[in-house]
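# Observations on the three-dimensional arrangement
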Amino acid sequence: SNNFEDRLFKPDAALRYRQILHGAGVPTLTMLNQGVHASAEMPGLVGKENAVFSRVKSFLDARLKRPAAPLPGPPVVVEERPLTLFARAGRLLEFASWPPAEQASVSYSLQGRGPGDSAGRLSLPHKLPPAGSAASTISFSPLSGLSAGMPVVGEVMQTEMRMPIVSDFALVDQHRAATYLGESLSQSAVLCGAPNATLSVTPSASAFQLVGYLYSVDPMDIGTLLTHGPRTVWKDEGATAGNPLSVVVNMRPTCATLRKGHRVGFGVSLFSMMYTPSNADPALTVLLNNSASRLSLPWLTARTRSQGRDAESRGVWILEL
């Protein structure tokens, strides 16, 4: 069992460990919950029954008492992230494997801002992207308009109090961050997995940090943070000022439903208070080559078994590609 906002035992590391055990033929039960370190498990540690320990007990009963019998239930259970203020707990999505067989990694091309646009565009490969700038230059600043929240406080408020972290895309400083928006969804869809971005960049120094942010953006251009992640390049990694290179920004695993009419929002900045930068020089700049950059998103594209907290939360979301 692991929690999406755990900063001690990170969920991506837990998933890699799960894959190692599974590859070695070890039966496993993996649960990803909404919460910070040990928050989903804490009630069980003090003797209270909860979903985590109920499944763990069933798993241990089966493995210790009937080792040859099939496992009781799917081996991977993921809790969705609620995206509204004071929302109830999310659905539990159940999968037979990880990454799920129902998951499809969809690649989006990046297009810079066109005349009069407040953000760039995300385009599917089979769709011709709109005209826009081929490159975007951003500079280092603690104040870009994009945020992953305050350390400790942000993740607690986000998971325990259901207070999402939001950014107004219309107010993002495009000199200090680059933002991109996809098309409005024709129906609700589930994003479940670890997004990543491959960015072609030209830094003004040999050390720099790129922070990627992924949002669900409503029709009013208010983005609710889904996940984020840094790629910190240090001086000894071989990057040189003025020379282009390709950098992969891996974002934390997430699982959330984007509502009909919302758009995927992606942002890049050179600083977040969640991470220690390798270069805090105010003169630092990074040029993003949009046409050579890609964003990869893990969408669920088939029917998925789910257990809602109540009858109203049961349902299936399918993304049409």
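Computed from a predicted structure; not experimentally measured. (Residues numbered from 1 in each chain as written. Predicted model: local features only at pLDDT ≥ 70, side-chain atom pairs only at ≥ 80, totals over all residues. Heavy atoms only, no water.)

What follows deals with the overall build of the protein. Within the protein one finds four helices and 18 strands. The long-range share in the protein, meaning contacts at least 24 apart out of those at least 6 apart in sequence, stands at 76%. Accessible area for the protein stands at about 15,000 Å²; split by element, carbon and sulfur atoms hold 58% of it. (Helix = DSSP H or I, 4+ residues; strand = E, 2+ residues; numbered from the N terminus. Contact = heavy atoms within 4.5 Å. Areas by Shrake-Rupley, 256 points an atom, 1.4 Å probe, with all protein chains shown as cover.)

To continue, consider unusual backbone geometry. Across the chain, the bulk of peptide bonds are trans and the bulk of non-glycine residues have phi less than zero. The omega torsion across Trp 98 and Pro 99 is -5°, close enough to zero to call that bond cis. Phi angles above zero are rare outside glycine, and Asp 221 is one such case at about 70°. On the basis of relative accessibility, which here comes to 18%, the residue Asp 221 falls in the buried class. (Buried < 20%, exposed > 50% of the residue type's maximum accessible area, 1.4 Å probe, protein only.)

The next point concerns the side chain of Thr 179. Structurally, Thr 179 can be placed in strand E9 (residues 177-181). Since its relative accessible area comes to 2%, Thr 179 is described here as buried. Among the polar contacts listed, one links the side chain of Thr 179 to the side chain of Gln 174, at a separation of 2.8 Å. Contact partners of Thr 179, with chain neighbours within four places excluded, come to Ser 118, Ala 119, Gly 120, Leu 146, Phe 169, Val 172, Gln 174, Phe 266 and Gly 267. (Polar contact = N/O pair within 3.5 Å; in protein donor to acceptor, adjacent residues only side chain to side chain.)

Attention shifts here to the packing of aromatic side chains. This structure, assessed with the given rule, holds five aromatic pairs. An angle of 65° between the planes, with centres 6.1 Å apart, marks the rings of Phe 95 and Trp 98 as edge-to-face. Where Tyr 180 meets Phe 266, the ring centres are 6.2 Å apart and the plane angle is 25°; that geometry is what we call stacked. Highlighted residues: Tyr 180 in strand E9 and Phe 266 in strand E16 (residues 263-269), separated in sequence by 86 residues. Judged by relative accessible area, Phe 266 falls into the buried class, the value being 1%. Ring-pair connections join several aromatic residues into one group, and the members of that group are Phe 169, Tyr 213 and Tyr 215. (Phe/Tyr/Trp six-rings, centres within 6.5 Å; stacked < 30°, edge-to-face > 60°.)

Counting through the fold element by element, Asp 173 comes out in the loop between strand E8 (166-168) and E9. Remark: the alpha-carbon pair of Asp 173 and Gly 145, spanning 28 residues in sequence, is separated by 6.1 Å. Polar contacts involving the side chain of Asp 173 include one to the main-chain amide nitrogen of His 175, which spans 2.9 Å.

In this structure, Leu 199, Phe 208, Leu 210, Leu 214, Phe 266, Leu 295 and Trp 299 are the most contacted members of the largest nonpolar core, which totals 39 residues. In terms of nonpolar packing, the next biggest core, distinct from the first, is built from 15 residues, Ala 119, Leu 146, Val 211 and Tyr 215 among them. (Core = buried A, V, L, I, M, F, W, Y, C linked by side-chain atoms within 4.5 Å.)

Another aspect to go through is the pattern of salt bridges. Between side chains of opposite charge, pairing is possible as soon as their charged atoms come close. Under the counting rule described, the total for this entry stands at six salt bridges. A salt bridge links Glu 80 to Arg 91, with the shortest nitrogen-to-oxygen separation between them at 2.8 Å. Here Glu 80, found in the loop between strand E3 (76-79) and strand E4 (92-95), pairs with Arg 91, found in the loop between E3 and E4; they are eleven residues apart in sequence, far enough to count as distant. Neither Glu 80 nor Arg 91 differs from the other in exposure class; each is buried. (Salt bridge = Lys/Arg side-chain N within 4 Å of Asp/Glu carboxyl O.)

On to helix H3 (residues 51-65). An ideal rise of 1.5 Å per residue puts 21 Å on 15 residues; H3 measures up with 21 Å between its terminal C-alpha atoms. Of all the positions in H3, only Val 52, Arg 55, Phe 59 and Ala 62 are classed as buried. Buried residues of H3 fall within an arc of 110° about the axis and therefore sit on the same side. Opposite its buried face, H3 presents the exposed residues Leu 64 and Lys 65, each directed more than 90 degrees away. (Expected span 1.5 Å × (residues − 1). Arc of directions from axis to C-beta.)

Right, let's get into helix H1 (residues 11-23). With 13 residues, H1 should cover 18 Å at 1.5 Å per step; its first-to-last C-alpha distance of 18 Å lies within 8% of that length. Listing the buried residues of H1 in full gives Pro 11, Leu 15 and Arg 18. Along the long axis of H1, the arc covered by the buried residues comes to 55°, so they all point the same way. Exposed side chains of H1 directed beyond 90 degrees from the buried face belong to Arg 16, Tyr 17, Ile 20 and Gly 23. On its buried side, H1 packs onto strand E1 (2-3), strand E2 (30-33) and E3. At the C-terminal side of H1, Gly 25 shows a positive phi close to 85°.

This next bit is on a nonpolar patch on the surface. Taken together, the side chains of Met 150, Val 153 and Met 273 present a nonpolar region at the surface, about 290 Å² in accessible area. Checked against the element boundaries, Val 153 lands in helix H4 (residues 153-159). Residue class for Val 153 comes out partly exposed when judged on its relative accessible area of 39%. (Patch = residues over 30% accessible without salt bridge, like charges linked within 9 Å, V, L, I, M, F, W, Y side chains within 5 Å.)

All right, on to the pairing of E3 then. The two faces of E3 match: Val 76 and Val 78 on one face and Val 77 and Glu 79 on the other face are all buried. Summarising the sheet, E2 and E3 pair through three bridges and their orientation is parallel. Across the sheet, the residue bridging to Leu 32 is Val 78, located in E3. Examined bridge by bridge, E3 and E4 share four bridges and lie antiparallel to one another. Note that in E4 the partner of Val 78 across the bridge is Leu 93. (Pairing = 2+ DSSP bridges.)

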